[in-house]
There are 2 protein chains.
Amino acid sequence: MTTARTPTGAAPTRGRRAGRSTGDDRETAILATAERLLAERPFADISIDDLARGAGISRPTFYFYFPSKDAVLLTLLDRVTEEADAAAGDVFERLAEDPRAHWRELIARFHATFGGHRDVVLACAQVRGTNAEVRRLWAEVLERWVRAVQAAIEAERARGAAPDGLPARDLAIALNSMNERVWYATFAGDGPAVAERDVVDVLLDVWLTAIYRTTTPPVTTSGGTP
Amino acid sequence: MTTARTPTGAAPTRGRRAGRSTGDDRETAILATAERLLAERPFADISIDDLARGAGISRPTFYFYFPSKDAVLLTLLDRVTEEADAAAGDVFERLAEDPRAHWRELIARFHATFGGHRDVVLACAQVRGTNAEVRRLWAEVLERWVRAVQAAIEAERARGAAPDGLPARDLAIALNSMNERVWYATFAGDGPAVAERDVVDVLLDVWLTAIYRTTTPPVTTSGGTP
DNA sequence: GACCGCAGTCAACACCATGTCGAGTCGAAT
DNA sequence: ATTCGACTCGACATGGTGTTGACTGCGGTC
């Protein structure tokens, strides 16, 4: 097996086993090396030895800090998803003020976050196929976003801005999935992809038409139909 | 490197090196073994030895038939995409007759094809991250479908059934990407996914609203706006 | 009917990455 | 000064991949 050895149940820190001292910089050195190497070649082509040497330690010592190569990536992914979660901010609460502007803001922020760490995101997408731990973490993150979007759609329907239709959860899943795949193609640059400069607007358009049946949804107006 | 060794330029058959004789059944035995094993465990957990033994030959002999494990999967993928291409049939030409029904038919046929070979599709999605050859083939296939959908959207706009909006190509990319990712989640069953029974209708709804701004696009009527 | 060539076969080998073990070093606390 | 635990690495075991070289058997050829 290649899966990470983190004791599945609780994983307070995904990195070192126990206490903390000088080894902290070694840990961050490994992380930094990983991010640097990821910028120049695919994750699969980076060996544990590369990571260790890059951090100035031997291969066995690497195992003192991380249980596997994948665990390093997992730590990197943790950071990115945290940043993405933070980026969402209070956008959802302000949706009714100006739906188009705020949905756009939401998509644009995610785009910026992922784009800022494209190497990590791309690497994760690549190992998700073979690593159950990455798959699990990503599923968890996605589930949070799906729920948030689902709630937003339901709120928009409740205030009469969006028509009924698909179950909000199914719609949220479809839209989030689309974003994920489209971003992946855009960042990876292989296969048909939307130009990076246009991608936010393309995604936004599909979101708006799917949710509101129009690209210019009605602003505020707390009542029912005008 | 783990990439397939097919002489990149022209690859008439992806399998055996040269002539043909009794070894034909060995080749198909390998393919059959791969498909069988794929049904019970992930591609990464299948060794070349497993494939060879399953086909009743030794590991070195495997290399007589295929240059690598990935090449076997590639051959399997070839079949599936061929079947999917065939499944599209003449649906595109009949779109105007009844857009909703025909778009649905199109999505449903792809769903049936992929669902019928989910193990292969899933395995491909998993190695796409690490294998350039699979990535290239998939990109090629996707490009064909994107072009077809793009043309269909443009035709619907030309006959006045669909409003202008996003560049048809960008829209086609986004919609195809969505389908791919949503199917993957549904078949893999990890992470947020649409129930298999609903997935066609969910996708259809997003396609229709994105293309027509309504889930009930106008039938035939060769003229402009009614 | 001896000879060639070639599809087909495999034991044995070279290689490389992963993960583990046991024997250390060194600084802080007792 | 001794002990303890954080930290380190040389050396090894394991397991998968890809290659080599020798062998078999069969269809054609002079």
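Just so you know, these numbers come straight off a predicted model, no measurement behind them. By convention here, each chain's residues receive numbers from 1 onward along its written sequence. The lettering of chains begins at A and the numbering of ligands begins at 1, in the order of writing. Reporting in this predicted model follows two pLDDT cut-offs: at least 70 for local features of residues, and 80 or more for side-chain atom pairs to be given and counted; totals over whole chains, interfaces and linings ignore these cut-offs and use all residues. The basis for every side-chain value is the complete set of non-hydrogen atoms in the structure, without hydrogens or water.

Q: A description of the overall build of chain A should follow, citing residues and the corresponding values.
A: In this description a helix means any DSSP run of H or I spanning at least four residues, a strand means any run of E spanning at least two, and both kinds are numbered starting from the N terminus. If you tally the helices and strands in chain A, you get 9 helices and 0 strands. Written out in order from the N terminus, the α and β elements of chain A read α-α-α-α-α-α-α-α-α. In chain A, buried positions account for 51% of the 226 residues. Contact definition: two residues touch when any of their heavy atoms are within 4.5 Å. For chain A, the proportion of contacts with a sequence separation of at least 24, taken over those separated by at least 6, is 67%. For chain A, the computed accessible surface area is about 10,100 Å², with 52% contributed by carbon and sulfur atoms. Only protein chains enter the calculation, and the probe is 1.4 Å; a residue is then buried if its accessible area is under 20% of its type maximum, exposed if over 50%, and partly exposed in between. Only the protein chains shown count as cover for residues, and the accessible areas themselves come from Shrake-Rupley with a 1.4 Å probe.

Q: Before we move on, can you summarise the pattern of salt bridges with the specific residues and values?
A: Residue and element names in this part refer to chain B. Criterion for a salt bridge: a side-chain nitrogen of Lys or Arg within 4 Å of a carboxyl oxygen of Asp or Glu. Applying the stated criterion to the full structure yields 35 salt bridges over all chains. Arg 169 is paired through a salt bridge with Glu 143; the nearest N and O atoms lie 3.1 Å apart. Of this pair, Arg 169 sits in helix H8 (residues 168–188) while Glu 143 sits in helix H7 (residues 132–158); the two residues are 26 residues apart in sequence, bridging distant segments of the chain. What makes Glu 143 buried here is its relative accessible area of 17%.

Q: Residues and numbers for helix H9 (residues 199–212) of chain B, please.
A: Under the 1.5 Å per step criterion, the end-to-end length of H9 of chain B is 20 Å for 14 residues, consistent within 8% with the ideal 20 Å. At the exit of H9 of chain B stands Arg 213 of chain B, carrying a positive phi of roughly 70°. Helix span is expected to be 1.5 Å times the residue number reduced by one.

Q: Which residues make up the relation of the copies chain A and chain B, and what values go with them?
A: When the copies are overlaid, the least-squares fit takes in C-alpha atoms only where the residue has pLDDT of at least 70 in both copies. Each copy of the sequence occupies a distinct position, and chain A is placed on chain B by a rotation of 180° and an axial shift of 0.0 Å, giving an RMSD of 0.1 Å. On this basis, the relationship between the two copies can be described by a two-fold rotation axis. Residue Met 178 of chain A, judged by its C-alpha, is the member of chain A lying nearest the rotation axis, at 2.0 Å. Of the interface residues in chain A, 100% have counterparts in chain B that sit at the interface too, so the contact is made through matching surfaces.

Q: Give a detailed account of the nonpolar core, specifying residues and quantitative values.
A: In plain words, nonpolar cores are sets of buried Ala, Val, Leu, Ile, Met, Phe, Trp, Tyr and Cys residues tied together by side-chain atoms within 4.5 Å. The biggest cluster of nonpolar side chains holds 146 residues, and the ones touching the most others in it are Trp 103 and Phe 114 of chain A together with Trp 103 and Phe 114 of chain B. Sequence-distant contacts of Trp 103 of chain A, that is, excluding residues within four places in its chain, are made with Phe 92, Leu 95, Val 149, Ala 152, Leu 204, Trp 207, Leu 208, Ile 211 and Tyr 212 of chain A.

Q: So what's going on with unusual backbone geometry? Residues and values would help.
A: The backbone phi angle of Arg 213 of chain A is positive, close to 65°, even though this residue is not glycine. The residue Arg 213 of chain A is located in the segment after helix H9 (199–212) in this model.

Q: Describe the interface of chain A and chain B, listing the residues and the values that go with them.
A: With 37 residues of chain A at the interface, the matching set in chain B holds 37 residues. Buried area between chain A and chain B, both sides added, is near 3,100 Å², and the carbon and sulfur share of it is 67%. Computed with a 1.4 Å rolling probe, the buried area is the accessible surface lost when two parts are put together, summed over both parts. When the buried surface of chain A facing chain B is broken down by residue, Arg 181, Pro 192 and Arg 213 of chain A rank first, second and third, together holding 21% of it. Scanning the region where chain A abuts chain B turns up 4 salt bridges. The salt bridge partner of Arg 181 of chain B is Glu 180 of chain A, with a shortest N-O separation of 2.8 Å.

Q: Explain helix H8 (residues 168–188) of chain A to me, using residue names and the numbers behind them.
A: Between its terminal C-alpha atoms H8 of chain A stretches 30 Å, which fits the 30 Å expected from 21 residues at 1.5 Å a residue. Positioned one or two residues after H8 of chain A, Gly 189 of chain A has a phi angle of 75°, which is positive.

Q: Could you give an account of the packing of aromatic side chains, with specific residues and numbers?
A: Residues and elements named next belong to chain A. Centre distance within 6.5 Å is the pairing criterion for rings of Phe, Tyr and Trp, where only the six-membered ring of Trp is used; planes under 30 degrees apart are then read as stacked, over 60 as edge-to-face, and the remainder as tilted. By the definition in use, this model includes 22 aromatic pairs over all chains. Judged by centre distance (6.1 Å) and plane angle (90°), the ring pair of Trp 138 and Trp 145 falls under edge-to-face. For the pair formed by Trp 138 and Trp 145, the shared burial category is buried. The structure contains a cluster of three or more aromatic residues connected by ring pairs, namely Phe 110, Phe 114, Trp 138, Trp 145 and Trp 183. Placement of a charge over a ring requires the Lys NZ or Arg CZ to be within 6 Å of the ring centre, with the centre-to-atom vector within 35 degrees of the ring normal. Taking the ring centre of Phe 43 as reference, the NZ or CZ of Lys 69 above it sits at 4.7 Å.

Q: I'd like to hear about the confidence of the model for chain A, residue by residue, with values.
A: All names here are of chain A. Within a predicted model, pLDDT stands for the predictor's per-residue confidence, ranging from 0 to 100. With 87% of its residues at a pLDDT of at least 70, chain A reaches an overall mean of 88. Element-level mean pLDDT values for chain A span from 89 in helix H1 (residues 23–38) up to 98 in H9. Within the model, pLDDT remains below 50 along residues 1–12, and this stretch shows 12 contacts once partners closer than five positions in the same chain are excluded. Low confidence marks residues 17–21, where pLDDT is under 50. Its contacts with residues over four positions away, or in another chain, come to 4 contacts.

Q: An account of the packing of helix H5 (residues 99–116) of chain A against H8 of chain A is needed here, citing residue identities and associated values.
A: All names here are of chain A. In contact at an axis separation of 11 Å, H5 and H8 are set at 45° when each is read in the N-to-C sense. By the angle between their directions, the pair H5 and H8 is classed as oblique. In the crossing of H5 with H8, the sense of the turn from one axis to the other is right-handed. Touching Ile 107, Phe 110, His 111, Phe 114 and Gly 115 of H5 are Asn 179, Trp 183 and Phe 187, all from H8. Think of each axis as a best-fit line through the C-alpha atoms, taken over the contacting stretch in the case of a helix, with angles from 0 to 180 degrees between the N-to-C directions. An angle below 35 degrees is treated as roughly parallel, one above 145 as roughly antiparallel, one from 65 to 115 as roughly perpendicular, and anything else as oblique. By definition, any crossing whose near helix is turned counterclockwise from its far helix by less than a right angle is left-handed, and any crossing with a clockwise turn is right-handed.

Q: So what's going on with the environment of Thr 113 of chain A? Which residues, and what values?
A: All names here are of chain A. Relative to the helices and strands, Thr 113 resides in helix H5. In this structure, the C-alpha to C-alpha distance between Thr 113 and Arg 135, residues 22 residues apart in sequence, is 20 Å. Apart from residues lying up to four places away in sequence, Thr 113 is in contact with Val 80, Glu 83, Ala 84 and Ala 87.

Q: Hey, could you go over the side chain of Ser 177 of chain B for me, with residue numbers and the actual values?
A: For Ser 177 of chain B, the position within the fold is in helix H8. Non-local contacts of Ser 177 of chain B, meaning those with residues more than four positions away in its chain, are made with Arg 181 and Val 182 of chain A.

Q: Help me get a handle on the packing of helix H5 (residues 99–116) of chain B against H7 of chain B, residues and values and all.
A: Residue and element names in this part refer to chain B. Two elements in contact, H5 and H7, have axes separated by 13 Å at closest approach and are oriented at 170°. Between H5 and H7, the angle falls in the class roughly antiparallel. Residues Pro 99, Trp 103, Phe 110 and Phe 114 of H5 form the contact with H7, whose participating residues are Trp 138, Trp 145, Val 149, Ala 152 and Glu 156.

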